[in-house]
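Reading the structure
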Amino acid sequence: MPTLRMAVAGVGVEAGSRARGYLATIKKLSHLYDLCAICDAGEEALHEAGELFDVPARYTCIESLLKEQKPDVFFVLLPTDGQTVAALAGIEHDCHIITEIPYALTLDMGDAIARMASEKGLKWEVAENVWLWPNEQLKQKIARAGVLGRLTHARLRYPAGSYHGLNAVRMILNSKPERAMGYAQAVEVPPYRNYGGGDEKTRWWESGVIEFENDVACIYEMPTTPGAASGMNWDIEAVNGYLSGSELTLYGSGGRNAYPIREIHEEVDGERVLARVQVDTDPPIAWENPYKEYRISSHDDVAKAAIMESLHTAVTRNVSPRYGAEGGRLDYETWVALRESAETGSGWVDIPLNATTGLEERIRAEFNRYYGGDPVADADGLLNASFGRLSAMWTVAGWL
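In every chain, residue numbers begin from 1 and rise along the written sequence. With the structure being a predicted model, the display of local features is reserved for residues of pLDDT at least 70 and the display and counting of side-chain atom pairs for 80 or more, all residues being used for whole-chain, interface and lining totals. To get the side-chain values, all heavy atoms of the structure are used, and hydrogens and water are removed first.

1. Some details on the packing of aromatic side chains
Between the rings of Phe, Tyr and Trp (Trp by its six-membered ring), a pair exists once the centres lie within 6.5 Å; its type follows the angle of the planes, with under 30 degrees stacked, over 60 edge-to-face, and the other angles tilted. Taken as a whole and assessed by the stated rule, the structure comprises 15 aromatic pairs. With a centroid separation of 5.4 Å and an interplanar angle of 20°, the aromatic rings of Y103 and W124 are classed as stacked. Note that Y103 is positioned in the loop between β5 (96-99) and α5 (107-119) and W124 in strand β6 (residues 124-126), a separation of 21 residues in sequence. Any residue under 20% of the maximum accessible area for its type is buried, any over 50% is exposed, and the rest in between are partly exposed; the area is computed with a 1.4 Å probe on protein chains only. According to the relative accessible area criterion, W124 is buried, its value standing at 5%. Aromatic side chains Y183 and W205 sit 5.7 Å apart centroid to centroid with 65° between the ring planes, which places their arrangement in the edge-to-face category. A residue pair is termed long-range when its members are at least 10 positions apart, and Y183 in strand β8 (residues 177-193) and W205 in strand β9 (residues 199-212) qualify at 22 residues. Among the residues examined, W205 registers a relative accessible area of 26% and is labelled partly exposed. Joined through ring pairs, the aromatic side chains of Y163, Y332, W335 and W399 make up one cluster. Charge-over-ring placement is defined geometrically: NZ (Lys) or CZ (Arg) within 6 Å of the ring centre, and within 35 degrees of the ring normal. Taking the ring centre of W348 as reference, the NZ or CZ of R179 above it sits at 3.9 Å. We note K304 situated over the ring of Y22; from NZ or CZ to the ring centre the distance is 5.3 Å. Counting from the N terminus, the helices are DSSP H or I runs at least four residues long and the strands are E runs at least two residues long.

2. Overview of the layout of surface pockets
Approximately 1,200 Å³ is the volume found for the largest pocket. Any residue with an atom within 4 Å of a point lines the site, the site being either a cavity, points on a 1 Å grid over the protein atoms alone where a 1.4 Å probe fits but cannot get out, or a pocket, an open set with protein on both sides within 12 Å along at least 5 of 7 lines. Considering the residues around the largest pocket, the lining is formed by 45 residues, among which L77, L78, P79, Y195 and R389 are closest to the centre. Counting residues per element, the ones that place at least two in the lining of the largest pocket are α1 (18-28) and α7 (163-173). When residue character is reported, Ala, Val, Leu, Ile, Met, Phe, Trp, Tyr, Cys and Pro are called nonpolar, Asp, Glu, Lys and Arg charged, and the others, Gly included, polar. Here the lining of the largest pocket is built from residues that sort into 25 nonpolar, 15 polar and 5 charged. By volume, the second largest pocket amounts to about 300 Å³. Around the second largest pocket, the lining comprises 18 residues; the ones closest to its centre are P321, Y323, G324, A325 and E326. For the lining of the second largest pocket, the elements supplying multiple residues, two or more each, are α5, α7 and α9 (324-343). Grid points are joined across faces, edges and corners, and a volume is the space filled by probe spheres set on the points.

3. Some details on the pairing of β9
Pairing between strands is defined by DSSP: at least two bridges between them are needed. Direction of pairing for β8 relative to β9: antiparallel, over a ladder of 13 bridges. Residue pairing for β9: G182 is matched across the bridge by G208. Hairpin connection, β8 to β9: the antiparallel pair is bridged by 5 residues, and G197 has positive phi, about 90°. Here β9 folds back onto strand β10 (residues 217-222), and the loop between the two strands holds 4 residues, one of which, D215, carries a positive phi near 70°.

4. Concerning the environment of F53
On the secondary structure map, F53 appears in the loop between α2 (43-52) and β3 (58-59). Given the relative accessible area of 9%, F53 is considered buried. Contacts between residues were defined by any pair of non-hydrogen atoms, one from each residue, lying within 4.5 Å. Apart from the residues within four sequence positions on either side, F53 is in contact with R20, L23, A24 and K27.

5. Description of a negative patch on the surface
Judged by side-chain charge, E178, E213, D215 and D350 come together as a negatively charged surface patch. Following the sequence through the fold, D350 ends up in strand β18 (residues 349-350). Here, patches come from residues exposed beyond 30% relative accessible area and free of salt bridges, joined within 9 Å for like charges and within 5 Å for nonpolar side chains (Val, Leu, Ile, Met, Phe, Trp, Tyr). We get accessible surface area from the Shrake-Rupley algorithm with a probe of 1.4 Å; when it comes to residues, only the shown protein chains can shield them. When a carboxyl oxygen of Asp or Glu lies within 4 Å of a side-chain nitrogen of Lys or Arg, that pair is called a salt bridge. Charged-residue counts in this description rest on Lys and Arg as positive and Asp and Glu as negative, His and the chain ends being excluded. Charge positions come from single atoms, namely NZ of Lys, CZ of Arg, CG of Asp or CD of Glu.

6. Brief notes about the pattern of salt bridges
Under the criterion given, the structure shown has 26 salt bridges. Between R20 and E48 there is a salt bridge whose closest N-O contact spans 3.0 Å. Of the two residues, R20 sits in helix α1 while E48 sits in helix α2, which places them 28 residues apart along the sequence. Across the salt bridge formed by K304 and D300, the nearest N and O atoms sit 2.7 Å from each other. With K304 and D300 both in helix α8 (residues 299-317) and 4 residues apart, this pair spans about one turn of that helix.

Okay, here's the thing in structure tokens:
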């Protein structure tokens with residue numbers, strides 16, 4: 001199995017950041033990747049990460065990294081506003097790419113990345129993690145095993161970045177969305193600090209319904225209280241039972257039988273590692289951890305490893321990534337369709353969308369205003385811009 005040389009842009013400021021988690025996982029997958037270089041505008045964080053993960057080649061300039069290192073794979077872990085600009089640079093230098101979620105700030109921007117990658121015969125994976133969590137992969141197996149019978153409807157509450165929740169539901173339903181109807185309102189809330197550290201007094205509240213091709217409807221809400229106990233969950237209802245949280249419930253002659261999702265751990269090289277998750281139905285339904293031998297155990301680290309493996313397989317076998325641009329676009333497009341419905345009278349909006357929405361135009365205009373250039377047309381000139389954590393997407397729509 002060939003080892004691919006990977007370079008990463010964006011190392012995270014804090015030890016527990018998502019970027020640092022990816023770097024740790026990449027190092028564990030040394031049979032797939034050689035972490036050849038890292039890049040970050042913050043020199044202190046750059047050198048701290050370089051020492052922590054033993055990466056001597058460290059850059060503050062993406063262009064220099066790409067020219068000098070010529071990596072096979074370029075992983076863009078920059079803040080959301082910097083994703084498109086850096087991805088296009090990686091493709092320009094003939095790199096396969098992985099980008100953080102979402103698909104892009106707007107569908108048009110993501111489409112520009114997908115088009116350029118396709119023209120050059122390069123692979124693009126989008127790092128959507130939720131559907132790859134062990135419990136979610138088990139839920140997908142349960143739904144496909146038939147024990148639930150016909151799926152009837154779903155409920156979703158997700159406080160921010162709702163494309164994650166839409167992704168989780170879609171993967172369990174194993175069906176594409178056909179249309180969406182939404183409502184949105186800016187609601188006054190107690191003062192809080194936003195993702196970029198600024199003061200905010202309002203949050204967007206969204207709700208709606210998504211209809212899927214298999215005649216299942218999903219009732220959706222993005223609540224204004226992300227810390228609430230009911231702030232993030234998704235349920236799947238079916239004729240013979242339902243999936244809710246970390247439990248399968250099946251209807252029987254004696255009433256309802258609950259089957260909690262159990263985690264089974266084993267010891268690997270002296271370390272307690274997740275081996276599988278399962279429900280104790282008859283027979284049991286289980287998902288086995290394929291990364292156990294690499295001591296990859298936490299749910300999100302398993303997802304990170306699956307994303308890394310997806311891109312490696314796509315490159316070395318010349319197949320499509322497991323999720324890729326198609327999956328990334330579809331989940332984000334569903335969210336855009338909900339807001340488009342909300343802004344145009346809350347009627348049904350068909351998916352796929354047939355034109356750029358007004359919301360997307362405002363997001364792109366906000367990016368252009370703030371950075372002084374367009375993320376696609378002026379990508380080269382913006383490559384070394386300072387991209388903050390508060391994205392144009394949040395400023396316009398309250399989305400992460």
